[in-house]
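Analysis of the macromolecular model
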Amino acid sequence: MSEPTDLTIAEARDLLAAGELSSRELTEAQIGAMEAGRGLNAYITETPEIALDMAEASDRRRSGGEAGKLEGIPVAIKDLFCTRGVPTTAGSRILDGFVPFYESTVTANMFAEGAVMLGKTNLDEFAMGSANLTSYYGAAINPWRARGDDRERVPGGSSGGSASAVAGRMALGATGTDTGGSIRQPAAFCGVVGLKPTYGRCSRWGVVAFASSLDQAGPMARSVRDAAIMLGAMAGHDPRDSTSADMPVPDFEEDIDAGVKGMRIGIPREYRVDGVPGEIEALWRRGVRWLEEQGAAAVEIGLPHTKYALPAYYVVAPAEASSNLARYDGVKYGLRVESDDLTAMYEQTRAQGFGAEVKRRVLIGAYVLSAGYYDAYYLKAQKVRARIADDFREAWRTVDAILTPATPSAAFRADDPPADPVAMYLNDIFTVPVNLAGLPGLSVPAGLTHDGLPLGLQVVGKAFDEATVLRVGRAIEAAAGFDARPAGR
Amino acid sequence: MSLDEATVARIARLARIATTDEERERLAGELSGILDWVEQLGDVDTESVEPMTGAIEMPLKSREDTVTDGGVAEDIARNAPRYAQGFLVVPKTVE
C-alpha cells in the first residue's frame, strides 16, 4: 500500500471498505502531513481533535454496516464555508472571532456522507483574488517550484489553501468556491483537479457570500474520479437557497470511463489570445489531439463576446459584493472599532477590517450602483452577460463540450505578482465567461511548463451536464498520464 | 472615465469605509484604471437585449409563509461584539 496521504479518495474508499485501513489511521496520517506542511500556510485553522472524533465515529458506523459516499475520508474545507463551532474567517480581519452556530449545507451534506474535516483552508480575503496574496492570515504557498528556481510560487486563488493542501498531500480532497475561476485557476496552478459545478448544483447556504449570482461551491481533488465522488456528496437541492436547483443529483462517477467516442468538442477561436505562452497553446492542441485519438471530433466554434467577459465580470461581481459586504458593520459579528458616533464606528470598522482589494471592489461596486451610473455600468454589464450566455447557447447547438486552456500562465512567483489590479484580473480570462453563463467547468492537470510547473486544461459543459464534463476530463487525464508531483511531496 | 478624489470620498462615504487623503489619491488612480478598462463594454451592441440577472433560467420557488427558524437570540449574541439584555449595542444615536 502506498502512503495513506498519497491515496486518491477512490483508493482510500476501497481500502476502508476492505477493512485494510481505518479512518482513524488515515486521519492520523493526514493530520501528521498537515502539521509537517505548515510552512505552506494552507490552513488557517487546523481541527485535529474534531477530525479524530469524526474518524472514530466513521469507523464505528462502518463496523455497523453503514458507509456514506465519503465515509471516513479526511478533507479540507475552504474557510468560506460556515462550520458549526469552528472559526470561519473568509480570510478577512472583519470576521475576527466569528464562530458560526450553524453548518453550511455543503459541509453538512459531506459530513452526512461520512467526510472527516481536517481544518479550514486559506483563501484570498472574501474569495477576491487570484494568488492567495490578499488573505489577512498571510499568503498560502504553492508546493510546486520551478526547476532551478527555489523561490516561492503562488497557489492561485481564491481557493489557494485548498489547492495547496490537496497538491501537498495535506488532504485527500478539499472544497473550494468559484466566482470567476477560484476553483479552476488554483487547481491548474497546483496540478490538481478542480470542478466548478453548474450554478445552483450546490447550495450556497452558509457560504460567506461574495457575488451571489456567480458563487458556486465545488470539489478539488487529485483525480477526476475523486472530484466526481466529492460532487456527489456536496450537491443537492436545498430549500434554504432559493437559487439551488431542485433536480436529481446523478451518480457522477457512473459513466466517467465511458469515453468521448462520437462526442463533438468545441474549440473556441477567441481563446487564442495574445501574450499567452506558446507552451500553453501547444498543450491545448495536444489536448485536442488526445480527444480526437479517442474518437471525438474537434469543431472550431466562435464565442464572439469572450473579450468582454472580464470587464462585465468586474462590474457585476463588485456590485453584488458591495451589497453582500454591507452586512459587516461591527454590530452583529466580527471586528468592531469603537467610536462614540455610529457612522464613525461603521467607517472605522470597515476601514480596518477590510483589506485593499476588498475595499477596491466594494468601492467599484458602490460606484456602478450609484445614481446616474447604474444604467451605464451595471445594467450594461448585465446585458453583455446575456450576450456571453447566448454565445454558449449557440455553441451547444453543435458541440457537446468545449475545451480551452485553464489559465493564461503557470503559477507566478509570490514576490513578483502582476503589477496592477487589471493585470491580476487577467488571470481569470478563460474561466470568468463560464461563471457569467452559469455553466460547469473543470480544470484538469495536463502537462508541465519547460521549467516543470503544472498547467491545466479546462472542459466546459452544458448546464447541469457535469457528467459529460467529467467524462471528457477523465479522457484527458487518462491520455495526459499526469503523474508529476511537487518535489518532496 | 476618470475618477477624482472627491468622487472617491463620496463613494467611500456611501460604502461606509473611512479613507485617508493618501488612500483617496491612490484609489482614484486604481479605480480610474479599472473603470477605463471596463469602458470597452460600450463596444457591445446590447440594443434589445434583456439584462441577465441570474445565472440560470429558473423560476424562484415560493414556500408557505410560516416560521421555520428562529429562537436563537443567545446563539446570535455570542458573536456580537457588544450585547446587553437581549439587544445588540451600538453607539448612542439620539441625544
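To start, this report covers the structure provided alongside it. (Residues numbered from 1 in each chain as written. Chains lettered and ligands numbered in written order. Predicted model: local features only at pLDDT ≥ 70, side-chain atom pairs only at ≥ 80, totals over all residues. Heavy atoms only, no water.)

1. Side note on the pairing of strand E9 (residues 401-405) of chain A
All names here are of chain A. Of all 5 residues that make up E9, 5 are buried, and the element is covered over most of its length. Strand direction decides the pairing type here: strand E7 (residues 264-268) and E9, joined by 2 bridges, are parallel. Directly across from Gly266, in E9, lies its bridge partner Ile402. With 5 bridges connecting them, E9 and strand E11 (residues 454-461) associate as antiparallel partners. Along E11, the bridge assignment pairs Pro405 with Leu457. (Buried < 20%, exposed > 50% of the residue type's maximum accessible area, 1.4 Å probe, protein only. Helix = DSSP H or I, 4+ residues; strand = E, 2+ residues; numbered from the N terminus. Pairing = 2+ DSSP bridges.)

2. Quick notes on the interface of chain B and chain A
Between chain B and chain A, the residue contacts involve 55 residues of the former and 70 residues of the latter. Summed over both partners, the interface of chain B with chain A comes to about 5300 Å²; 70% of that surface belongs to carbon and sulfur atoms. The largest per-residue losses of area from chain B upon contact with chain A belong to Trp37, Met52 and Asn79 of chain B, which jointly make up 13% of the total buried on that side. On inspection of chain B and its partner chain A, the count reaches 5 salt bridges. In this structure, Lys61 of chain B and Asp246 of chain A form a salt bridge, with 2.8 Å as the shortest nitrogen-oxygen distance. Scanning the region where chain B abuts chain A turns up 13 residue pairs in polar contact (both at pLDDT 80 or more). (Contact = heavy atoms within 4.5 Å. Buried area = accessible area lost by both parts, 1.4 Å probe. Salt bridge = Lys/Arg side-chain N within 4 Å of Asp/Glu carboxyl O. Polar contact = N/O pair within 3.5 Å; in protein donor to acceptor, adjacent residues only side chain to side chain.)

3. Some words on a negative patch on the surface
A cluster of like negative charges, contributed by Asp4, Glu5, Glu22 and Glu25 of chain B, occupies part of the molecular surface. One can find Asp4 of chain B in the segment before helix H1 (5-14). (Patch = residues over 30% accessible without salt bridge, like charges linked within 9 Å, V, L, I, M, F, W, Y side chains within 5 Å. Areas by Shrake-Rupley, 256 points an atom, 1.4 Å probe, with all protein chains shown as cover. Lys, Arg positive; Asp, Glu negative; His and termini not counted. Charge placed at Lys NZ, Arg CZ, Asp CG, Glu CD.)

4. Some thoughts on the environment of Ala298 of chain A
Residue and element names in this part refer to chain A. Examined against the element boundaries, Ala298 turns out to sit in strand E8 (residues 297-301). With a relative accessible area of 33%, Ala298 lands in the partly exposed category. Sequence separation of Ala298 and Leu403 is 105 residues, and the distance between their C-alpha atoms is 9.2 Å. Once you skip the residues sitting within four places of it in the chain, Ala298 turns out to touch Ile265, Ile267, Val288 and Glu292.

Treat this as a map of the structure, not an account of what it does.
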